[in-house]
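# Examination of the molecular architecture
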Amino acid sequence: MKIGIANDHAGTKLKLELVEYLSKKGYEVTDFGTDSFTASDYPVQGELLANAVRDKKVELGIAICGTGLGIGYACNKVRGIRAACVSETTSARLSRFHNNANIICFGARIVGLETAKDIVDTFLETPFSNEERHQRRIDMITEIEEKQ
Ligand code: RB5
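Residues numbered from 1 in each chain as written. Predicted model: local features only at pLDDT ≥ 70, side-chain atom pairs only at ≥ 80, totals over all residues. Heavy atoms only, no water.

Turning next to the pattern of salt bridges. Working definition: two side chains of opposite charge can pair if their charged atoms are close together. By the definition in use, this model includes 9 salt bridges. For the salt bridge of lysine 13 with glutamate 17, the shortest nitrogen-to-oxygen distance reads 3.2 Å. You can see lysine 13 and its partner glutamate 17 sitting in helix H1 (residues 12-24), 4 residues apart, about one turn around the helix. On the basis of relative accessible area, lysine 13 is assigned to the exposed category, the value being 53%. Overall, the relative accessible area of 28% leaves glutamate 17 in the partly exposed class. (Salt bridge = Lys/Arg side-chain N within 4 Å of Asp/Glu carboxyl O. Helix = DSSP H or I, 4+ residues; strand = E, 2+ residues; numbered from the N terminus. Buried < 20%, exposed > 50% of the residue type's maximum accessible area, 1.4 Å probe, protein only.)

Turning next to the site of the ligand. Around the ligand lies a shell formed by Asp8, His9, Ala10, Tyr42, Cys65, Gly66, Thr67, Gly70 and Arg109. Contact distances for the ligand include 2.9 Å between an oxygen atom and a backbone N or O atom of glycine 70. Between arginine 109 and the ligand, the recorded distance is 3.2 Å, taken from a side-chain N or O atom to an oxygen atom. Protein burial of the ligand: of its 290 Å² of free accessible surface, 71% is covered by the chains. For the shell around the ligand, the per-class residue count stands at 3 nonpolar, 4 polar and 2 charged. (Near = heavy atom within 4 Å. Polar contact = N/O pair within 3.5 Å; in protein donor to acceptor, adjacent residues only side chain to side chain. Areas by Shrake-Rupley, 256 points an atom, 1.4 Å probe, with all protein chains shown as cover. Nonpolar A, V, L, I, M, F, W, Y, C, P; charged D, E, K, R; others polar.)

Moving on, we come to the side chain of histidine 134. Along the chain, histidine 134 turns up in helix H6 (residues 132-147). With sequence-adjacent residues up to four places away left out, histidine 134 is seen in contact with Phe97, His98, Phe128 and Ser129. (Contact = heavy atoms within 4.5 Å.)

Moving on, we get to the pairing of strand E1 (residues 2-7). Put simply, side chains in a regular strand alternate between the two faces of the sheet. By the criterion of burial, E1 is predominantly enclosed, with 5 of the 6 residues buried. Running through H1, the crossover from E1 to the neighbouring parallel element strand E2 (residues 28-31) is right-handed. Inspection of the sheet shows E1 paired to strand E3 (residues 60-65) by 5 bridges, in the parallel sense. Across the sheet, the residue bridging to isoleucine 3 is leucine 60, located in E3. (Right-handed = clockwise from strand over helix to strand, strands pointing away. Pairing = 2+ DSSP bridges.)

A word on the pairing of strand E5 (residues 103-107). Of all 5 residues in E5, 5 are buried; the element is thus mostly enclosed. The two faces of E5 match: Ile103, Cys105 and Gly107 on one face and Ile104 and Phe106 on the other face are all buried. The sheet contact formed by strand E4 (residues 83-85) and E5 spans 3 bridges and is parallel. Counterpart to alanine 84 in the pairing with E5 is isoleucine 104. What joins E4 to E5 is helix H4 (residues 89-97), and the crossover it makes is right-handed.

Here we come to the nonpolar core. Grouped together as the largest cluster of nonpolar side chains are 21 residues, with contacts concentrated most on Leu18, Ile62, Ile104 and Phe106. For this core, the elements supplying multiple residues, two or more each, are E1, H1, E3, E5 and helix H5 (113-125). The element contributing the most residues to this core is H5, with 5 residues. Leucine 18 has contacts with Ile5, Ile64, Phe106, Leu113, Ala116, Lys117 and Val120, leaving out every residue within four places of it along the chain. Grouped together as the second largest cluster of nonpolar side chains are 15 residues, Leu49, Cys65, Ile71 and Cys75 included. (Core = buried A, V, L, I, M, F, W, Y, C linked by side-chain atoms within 4.5 Å.)

For leucine 16, the location among the structural elements is in helix H1. Judged by its relative accessible area of 38%, leucine 16 is partly exposed. Between the alpha carbons of leucine 16 and aspartate 35 there is a distance of 7.8 Å; along the sequence they are 19 residues apart.

Below is the structure:
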C-alpha cells in the first residue's frame, strides 16, 4: 500500500522512526517532510500530504506535529480530506470504520513511539465499514464542503 507522511519540526524524530517501521513492514512511504528539527510551519507539510491523498497519489496519510491538531486542521481544509486527530487506537479504528478517515494525525508531544506504531497499524489495517448510515453521514459532510 502507498502511504504518505508529513510533519513539522516537532514531529521529525517520530516521523523518521515511523518511516523505518512502516518501510520494514512493506509499505511504500512517500515522505513530504520536513526532515529538519528547525522550526517550520505545519500548514506547508499538511497541504502537501493532503493534496497527495486527494489526488490519489497515496492511499492514506499520516500527519504529525506537536499535538497533531494544527497539521490536522490544515489537512482538513483540502477538499475530500477527512483527517482524524487521535491519541489512542479505538479512535484510530473508528476513524476508518465509521468515518472513512483518509489521514490520521497525532502529536509527537502527546504519544510515544509504541502508541504511535499501534495507532498507524490500526489505521492502516482497518477498512471502512461501507454501511449505509456511515456513508450517508460522510456524504453530508461532503455537502457542507460543497456549500462553502
Ligand atoms: C509547534 O511548536 C507546535 O505549535 C506545532 O507542532 C503543533 O503542535 C501545532 O498544532
